[in-house]
Amino acid sequence: MELACGGHSLAFGDRPLVMGVLNVTPDSFSDGGLFNRPDKALEHARRMAAEGADLIDIGAESTRPGAEPVSLEDELARLLPVIEGIAALDLGVPLSVDTAKPEAADRALIAGAGMVNDVSGASEAMLEVAARHGAPVIAMHMRGEPRTMQKEPRYDDVVAEIHDYLAERVAAGRDLGVDVLVDPGIGFGKTLEHNLDLLANLRELRRIGAPLVLGTSRKSFLDRLLGGVPVEERLSGTLAVNAWAAALGTADVLRVHDVGPHRQLAESIGALRARRRSSAPRRRVLARGIACRSRIGVTAAERAKPQELVVDIDVTLTAQAARARDRLGETVDYAELAAIAQAVADRNEYRLVETLAESIAATVGRERPKAAGGSTPWNRIESLRVRVTKPGAAREIGAAEVGAEIDWRP
Ligand code: HH2
């Protein structure tokens, strides 16, 4: 996927793009006061471009928890000379403006920015400004406003709520012809647990179908996670979290203060992802519809006599096994899978089909490799999916199928 951005093109592929942060503020949480003079800001932009920034994000209003708002006049007085100055340097790097004010975005886009980064989620007014300039917009999720956002934030389901919010902003952008990138807003009205839930489930947010921006750089959740790490010592934690997201392919843009180390991260992970994509396709061995009988059910009456069951087993083999030659001895034999399912179903009573499914998976994945000799690659199982269904119980309640399925990894 490619996005046009102020005369540049942003290509999303195996490696995430690196967005360097430039705060022209006196009070940002990690670099406040360092770059709020235009000469310092230009020098820092030049350094970030040399270190490999794909984008530079310029902000003039701190959004740290508790920060006071800045007036439009003050924000423009900080932003415009810096944007104009960097645009004149012709660094070959597109600029984004980090603002929640549509008027500030409008002026910044005229001055040379090509993208808007809106921590307040890209209101209709902001999308209209972006539409007029043909600029993409980052819509970030924030609960409340910076002054109050960390006061007991609550969600019923943080991932689902933020998914729905961002999906709605993407749809609103689409209606106006604006490309919207989404950002879960790490640290914006979220506890440590909320942040971890979001980071562990970015794949859900990526299902929205928009590029995902991630801002974890030096943030205080790392301090809480790691038990007291000052802001200037959070690079390793930041790199680790960003590497996790990059390796899973769940972040398209990393918004960071430390550009050089993140460009190295992005290049290394990008190369590995490309390599993995071009390596032998994974093989999956299937044994489905295995007829079994077992004493199974939550009541003793159900367990009194064996019932019919149907078991499906999907075995995904490791990359090593995927390179095997065309010989049965080098793959998992589906006849053996069927025999294991039948033996496990027969050997015990079970209350739940889940328990039986887990038991079959553990036998295939854990016990079989120990017991088996020869060249059958039982130790080359990457993952297993086992489904157990009860046709009798399905018929009883007028359902097409009832049962349970589990995903198992060694
Ligand atoms: N985080 C900050 C500011 N802007 N924009 C996006 N899209 N995502 C983020 O996570 C994000 C953001 C906060 O970091 P920083 O700019 O370094 O601090 P401050 O707001 O104090 O200037």
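Thresholds, definitions, all that
Residues numbered from 1 in each chain as written. Predicted model: local features only at pLDDT ≥ 70, side-chain atom pairs only at ≥ 80, totals over all residues. Heavy atoms only, no water. Helix = DSSP H or I, 4+ residues; strand = E, 2+ residues; numbered from the N terminus. Contact = heavy atoms within 4.5 Å. Polar contact = N/O pair within 3.5 Å; in protein donor to acceptor, adjacent residues only side chain to side chain. Pairing = 2+ DSSP bridges. Axes fitted to C-alpha atoms, helices over the stretch in contact; angles between N-to-C directions. Buried < 20%, exposed > 50% of the residue type's maximum accessible area, 1.4 Å probe, protein only. Near = heavy atom within 4 Å. Nonpolar A, V, L, I, M, F, W, Y, C, P; charged D, E, K, R; others polar. Salt bridge = Lys/Arg side-chain N within 4 Å of Asp/Glu carboxyl O. Patch = residues over 30% accessible without salt bridge, like charges linked within 9 Å, V, L, I, M, F, W, Y side chains within 5 Å. Areas by Shrake-Rupley, 256 points an atom, 1.4 Å probe, with all protein chains shown as cover. Core = buried A, V, L, I, M, F, W, Y, C linked by side-chain atoms within 4.5 Å.

A. Layout of the environment of Asp118. Checked against the element boundaries, Asp118 lands in strand 6 (residues 115–118). The sequence separation of Asp118 and Thr191 amounts to 73 residues, and the corresponding C-alpha distance is 21 Å. Ignoring any residue separated from it by four or fewer positions in sequence, one finds Asp118 in contact with Thr99, Ala100, Ser123, Met126, Ile138, Ala139 and Met140. Within the structure, Asp118 has its side chain in polar contact with the side chain of Ser120 (distance 2.6 Å).

B. Molecular detail of the sheet that holds strand 11 (residues 284–296). A sheet is described by the order of its strands in space; here five strands give the open sequence 13-11-12-14-15, paired in mixed fashion. What marks the edges here is a single partner per strand, and that holds for strand 13 (349–350) and strand 15 (403–408). Two strands pair when backbone bridges link them, and strand 11 and strand 12 (residues 307–317) are joined in this way by nine bridges, in the antiparallel orientation. Note on strand 12: the bridge partner recorded for Ser294 is Gln307. On the sheet, helix 13 (residues 334–347) packs against strand 11, strand 12 and strand 13 and is oriented at approximately 20° with respect to strand 11.

C. Highlighting the environment of Gly59. Topologically, Gly59 is positioned in strand 4 (residues 55–59). Residue Gly59 is classed as buried on the basis of its relative accessible area, which comes to 2%. In this structure the C-alpha to C-alpha distance between Gly59 and Val159, which are 100 residues apart in sequence, comes to 27 Å. When sequence neighbours within four positions are dropped, the list of residues in contact with Gly59 reads Leu22, Asn23, Val24, Thr25, Leu79 and Asp98.

D. How the structure looks around the site of the ligand. Close to the ligand lie 17 residues, the nearest being Ser28, Thr63, Asp183, Lys219 and His257. Thr63 places a polar side-chain atom, nitrogen or oxygen, 2.5 Å from an oxygen atom of the ligand. Residue Lys219 places a side-chain N or O atom 2.6 Å away from an oxygen atom belonging to the ligand. Per-class residue counts for the shell around the ligand are five nonpolar, seven polar and five charged.

E. Quick look at the pattern of salt bridges. The final tally for this structure, using the stated rule, is 30 salt bridges. With its nearest N and O atoms 3.3 Å apart, the salt bridge here joins Lys101 to Glu61. Here Lys101, found in the loop between strand 5 (95–98) and helix 3 (102–111), pairs with Glu61, found in the loop between strand 4 and helix 2 (72–89); they are 40 residues apart in sequence, far enough to count as distant. Here the two residues Lys101 and Glu61 agree in accessibility, since each one is buried.

F. Representation of a nonpolar patch on the surface within the structure. The grouping of Leu196, Leu225 and Leu226 at the surface amounts to a nonpolar patch, some 240 Å² of accessible area in total. As for its position among the elements, Leu196 is in helix 6 (residues 192–200).

G. Region of interest: the nonpolar core. Counting residues in each nonpolar core, the largest one holds 68 residues, and the members touching the most others are Leu22, Ile56, Ile58, Ile83 and Leu214. Among residues more than four places away in sequence, those in contact with Ile56 are Gly20, Leu22, Ala45, Met48, Leu91, Val93, Pro94, Leu95 and Ser96. Grouped together as the second largest cluster of nonpolar side chains are 34 residues, Leu317, Ala345, Ala357 and Ala361 included.

H. Inspection of the pairing of strand 1 (residues 2–5) at higher detail. What you see with strand 1 is a clean split: Leu3 and Cys5 sit on the buried side and Glu2 and Ala4 on the side with no burial. Judged from the four bridges that link them, strand 1 and strand 2 (residues 8–11) form a sheet pairing that is antiparallel. Each bridged residue has a counterpart across the sheet, and for Leu3 the counterpart in strand 2 is Leu10. The loop that links strand 1 with its antiparallel partner strand 2 comprises two residues; one of these, Gly6, has a positive phi angle of about 55°.

I. Spatial organisation of the sheet that holds strand 10 (residues 253–256). Judged by pairing direction, the sheet is parallel, and its eight strands sit side by side in the order 8-7-6-5-4-3-10-9 without closing on themselves. Edge positions in the open sheet fall to strand 8 (180–183) and strand 9 (213–214), since each of these has one partner strand only. Examined bridge by bridge, strand 3 (residues 17–23) and strand 4 share five bridges and lie parallel to one another. Of the residues in strand 4, the one forming a bridge with Gly20 is Ile56. Contacts from helix 1 (residues 38–50) reach strand 3 and strand 4, with the element oriented near 165° to strand 3. Contacts from helix 5 (residues 158–175) reach strand 7 (137–140) and strand 8, with the element oriented near 170° to strand 8.

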